[in-house]
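If you want the building blocks of each chain, they are given just below.
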Amino acid sequence: MTDHAESRHEESDAGLGAIIGERRRLIGLAYRLLGSLAEAEDAVQETYTRWYAMSRQRQDAIDSPGAWLTTVATRVCLDLLGSARVRRERYVGEWIPEPLPERTDWISGRPGTAATDPADPADRVTLDESVSMAFLVVLESMTPAQRVALILHDVFGFSFAEIAEITGRTPAACRELASSARRRVRTSRPPEAPAAHQAGLVRDFKQAWDAQDINALVGLLAPGATFTADGGGVVAAALHPIEGGEGVARYLTDLAVRAPGGLMVLERTVNGRAGLVIEHEGVIVAVYAFDVADDRITRIWAVRNPDKLHPWTAG
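Residues numbered from 1 in each chain as written. Predicted model: local features only at pLDDT ≥ 70, side-chain atom pairs only at ≥ 80, totals over all residues. Heavy atoms only, no water.

A.B. asks: Would you take a moment to explain the packing of helix α7 (residues 144-155) against helix α9 (residues 171-188) for this structure?
C.D. replies: A packed helix pair is summarised by two numbers, namely the angle formed by the two axes and the spacing between the axes. One can describe the packing of α7 onto α9 by two numbers: an axis separation of 8 Å at closest approach and a directional angle of 95 degrees. Classed by the angle they form, the pair α7 and α9 counts as roughly perpendicular. In contact with Ala 145, Gln 146, Ala 149, Leu 150, His 153 and Asp 154 of α7, α9 contributes Cys 174, Leu 177, Ala 178, Ser 180, Ala 181, Arg 182, Arg 184 and Val 185. Its residues assigned to classes, the contact of α7 with α9 comprises eight nonpolar, three polar and three charged. (Axes fitted to C-alpha atoms, helices over the stretch in contact; angles between N-to-C directions. Helix = DSSP H or I, 4+ residues; strand = E, 2+ residues; numbered from the N terminus. Parallel < 35°, antiparallel > 145°, perpendicular 65-115°, else oblique. Contact = heavy atoms within 4.5 Å. Nonpolar A, V, L, I, M, F, W, Y, C, P; charged D, E, K, R; others polar.)

Listed below in structure tokens is the structure:
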């Protein structure tokens, strides 16, 4: 092989490596937008399919392959969000985002950038916070356009001019979309409790549940606490949220009593925060995520749909 050919081969390998290296970040973006790891992986796969469908000449003409991939992945997600809303209207019971185990490769922002907006620095969403179950649930209440503007700008550091190019809107419209999304976050939930504080409350909750101590459970739950389960019509689960700390405590103690052979409750990290994994006869049957405010547990999300538990049960 000539020196020139070797150089071209090395450049090709480097270029391919850079393209493949974007995958982790793209999945992190798509997961936040879609609330589903399976759908995120499908969206990223479609993005790469479109890249490799282009001729080498067209690929070489793209100044920033990473930006191109981000644009396409975001547009694929926008299309999926439109159809997802229709599917979720037909979903049996409550729909909860797919919980993820402890790992760092999906908490990944845009390399070398950080969004800065002096008008509202306190509203900046951190990378860790942006994958918490509480934040993902709030995203579900937004329009697809609001979600894209907030995630691309506040989490991944894209300018509103760049977001405008991706979404086909004006920079001013994208700025307003992000602002309205932040207002929704502020009104929907209190600020994140410190991770260590939440972990302590979840540990106390586990111990009280193991002991079937209903009074201790009630003491750990806020009076207006809610328990939301997602069985997807595949397994038995409460079809509607259970309201009130005492009602939630009684439901959970009854749940443990009714399970033949009992339940094993394990402390695990769920979407970057303290959570619980529930095993029955050695099989993971549920993943619990929590939200905490004012020294009490305010919300519990219990994902029971086995289709959403693959990251926990695989391998």
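Now that the structure has been shown, the text picks up again.
A.B. asks: Hey, could you run me through helix α6 (residues 133-140) in this one?
C.D. replies: For an α-helix, 3.6 residues make a turn, and residues three or four places apart therefore share a direction. Of all eight residues in α6, seven are buried, a share of seventy percent or more. Within α6, the full set of buried residues consists of Met 133, Ala 134, Phe 135, Leu 136, Val 138, Leu 139 and Glu 140. Packing partners of the buried residues in α6 comprise α2 (23-34), α5 (65-89), α7, α9, β5 (283-293) and β6 (296-303). (Buried < 20%, exposed > 50% of the residue type's maximum accessible area, 1.4 Å probe, protein only.)

A.B. asks: Just to check I follow, could you spell out the pairing of β5 for this structure?
C.D. replies: On a regular strand, one side chain projects to one face of the sheet and the next to the other, so that they alternate. Of all eleven residues in β5, nine are buried, a share of seventy percent or more. Here six bridges tie strand β4 (residues 273-280) to β5, and the two strands are oriented antiparallel to one another. Pairing of Gly 275 across the sheet is with Ala 289, part of β5. What sits between the antiparallel neighbours β4 and β5 is a turn of two residues, in which Glu 281 has the positive phi angle 55 degrees. Direction of pairing for β5 relative to β6: antiparallel, over a ladder of seven bridges. The partner of Ala 293 across the bridge, within β6, is Arg 296. Hairpin remark: β5 followed by β6, antiparallel, with two residues in the connecting loop; positive phi at Asp 294, about 55 degrees. (Pairing = 2+ DSSP bridges.)

A.B. asks: Can you help me understand α5 in this one?
C.D. replies: Between its first and last C-alpha, α5 extends 36 Å over 25 residues, near the 36 Å set by a 1.5 Å rise per residue. Here α5 has its buried residues at Gly 66, Leu 69, Thr 70, Thr 71, Val 72, Ala 73, Thr 74, Val 76, Cys 77, Leu 81, Ala 84 and Arg 88. (Expected span 1.5 Å × (residues − 1).)

A.B. asks: What exactly am I supposed to notice about the pairing of β4 here?
C.D. replies: With eight of eight residues buried, β4 lies mostly within the body of the structure. Of the strand pairs in this sheet, strand β3 (residues 264-270) and β4 are connected by seven bridges, and their pairing is antiparallel. Along β4, the bridge assignment pairs Thr 269 with Ala 274. Linkage of β3 to β4, two consecutive antiparallel strands, is achieved through a turn of two residues, within which Asn 271 is found at a positive phi near 50 degrees.

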